[in-house]
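# Close look at the chain arrangement
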Amino acid sequence: MIREHFEREGWTLIERFLTLGDVESLRTASDELAAKGAHLVADAEIDGARYHVQSASGRRGEDAIHPGALRKITFASSASAEVALFRNDRRVLKLIETVGVSSPRWIVDQINLKAPRVGTGFPWHQDAAFVAWQQRDAIAKYGGANLVIALDRADEVNGGFEVLSGTHAGGARNFDY
C-alpha cells in the first residue's frame, strides 16, 4: 500500500515512523547545529556543514535579516554524529527500499530552519533540479525519494510544508525559482 500510494501520488505519509526518543535526538542535534550558526550574518561552512542564512529577499549571497537567522543547514551529518547515525538507520533505508529505490543512498541531508513569514517561502520546485548531474544520474538509475521529518508541528500559521500530488509524473519540469 505504501509503494502504490507513493508511485501514484509522488508522496506518502507515515505517521509515528520514529520514536519520540528519535525525534528528540534529532531535535537536539538540530538545535546544537543552529547554535553553532547563531552569529552568522552570511552563508558559511562550519565543521563541514553548509549554513544558509535567511535574507530579506530569500536570495543566496545576501546578508541575513539579523545575526543567526538561518534558512537551512545542508550536509548536517558532517557536523553532527546524531544526524550521521540517522543516515544509516536500517529503518530509514528499508522504508526507502519499500517505495522502490533499489539501492538507497543519501544525496543530501538538510535541516530547514526558516522562520514563517520571514523573507520568501520556498516556491514550487522539483528537488532534483538542485543536485549535481552525477546525483541526477544516480536517481535515474536507482530511483529517488525525499524523506521529510517534521521535528516541530507544522501548520498554516507557522509555515507548513506541502507536497503537490502528481508533480513527479512526466519527469523534470522547467520552473522559475
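Calculation notes
Residues numbered from 1 in each chain as written. Predicted model: local features only at pLDDT ≥ 70, side-chain atom pairs only at ≥ 80, totals over all residues. Heavy atoms only, no water. Salt bridge = Lys/Arg side-chain N within 4 Å of Asp/Glu carboxyl O. Helix = DSSP H or I, 4+ residues; strand = E, 2+ residues; numbered from the N terminus. Buried < 20%, exposed > 50% of the residue type's maximum accessible area, 1.4 Å probe, protein only. Pairing = 2+ DSSP bridges. Axes fitted to C-alpha atoms, helices over the stretch in contact; angles between N-to-C directions. Contact = heavy atoms within 4.5 Å. Polar contact = N/O pair within 3.5 Å; in protein donor to acceptor, adjacent residues only side chain to side chain. Arc of directions from axis to C-beta. Patch = residues over 30% accessible without salt bridge, like charges linked within 9 Å, V, L, I, M, F, W, Y side chains within 5 Å. Areas by Shrake-Rupley, 256 points an atom, 1.4 Å probe, with all protein chains shown as cover. Core = buried A, V, L, I, M, F, W, Y, C linked by side-chain atoms within 4.5 Å. pLDDT = per-residue confidence, 0-100.

Evaluation of the coordinates by the stated rule reveals nine salt bridges. With a closest N to O distance of 3.0 Å, K36 and D47 form a salt bridge. On the criterion of sequence distance, the pair formed by K36 in helix α2 (residues 20-36) and D47 in the loop between β1 (44-46) and β2 (49-53) is long-range, its members being 11 residues apart. Using a relative accessible area of 32% as the deciding quantity, one classes K36 as partly exposed. A relative accessible area of 51% means that D47 is categorised as exposed. Put simply, R87 and D109 hold a salt bridge, and the shortest N to O gap is 2.5 Å.

It is worth spelling out the sheet that holds β1 at this point. Within the open sheet, the four strands sit side by side as β1-β2-β3-β4. Their pairing is antiparallel. Two strands close off the open sheet at either side, each with one partner strand: β1 and β4 (110-112). Direction aside, neighbouring strands of the sheet carry axes that sit 20° apart on average. Judged from the three bridges that link them, β1 and β2 form a sheet pairing that is antiparallel. The residue of β2 that forms the bridge with I46 is A49. Strands in contact with α2 are β1, β2, β3 (70-74) and β4; relative to β3, the strand with the most contacts, it is inclined by about 110°.

Before going further, it helps to spend a moment on the side chain of R71. As for its position among the elements, R71 is in strand β3. A distance of 3.0 Å separates polar atoms of two side chains, one belonging to R71 and the other to Q54.

Relative to the elements of secondary structure, S55 occurs in the loop between β2 and β3. Classification of S55 by relative accessible area gives buried; the value is 1%. In terms of polar contacts, S55 uses its side chain to reach the backbone carbonyl oxygen of R59, at 3.1 Å.

Okay, helix α4 (residues 90-98) next. By the burial criterion, the buried members of α4 are V92, L95 and I96. Looking straight down α4, one finds that the buried residues subtend no more than 100° of arc, so they occupy a single side. Residues of α4 that are exposed and point over 90 degrees away from its buried face: R90 and K94. Residues of α4 that are buried in the fold lie against α3 (81-87). Positive backbone phi, at 110°, marks G100, one or two positions downstream of α4.

Another aspect to go through is a nonpolar patch on the surface. Where nonpolar side chains cluster on the molecular surface, the patch consists of V148, F161 and V163 and spans about 300 Å² of accessible area. Along the chain, the position of V148 falls in the segment after α5 (133-142).

Here we take up the nonpolar core. The biggest cluster of nonpolar side chains holds 15 residues, and the ones touching the most others in it are L33, L40, Y51, L70, I73 and A76. Elements represented by at least two residues in this core include exactly α2, β2 and β3. At three residues, the largest contribution of residues to this core is made by β2. In this structure L70 touches A34, G37, L40, Y51, H52, V53, Q54, L113 and K114, once residues within four positions along its chain are discounted. Ranked by size, the runner-up nonpolar core spans six residues in total, among them L18, V23, F86 and V92.

Attention shifts here to the confidence of the model for the protein. Looking at the protein as a whole, its pLDDT mean stands at 86, while 94% of the residues score no less than 70. The element-level mean pLDDT for the protein is lowest in α5, coming to 81, with β1 highest at 97.

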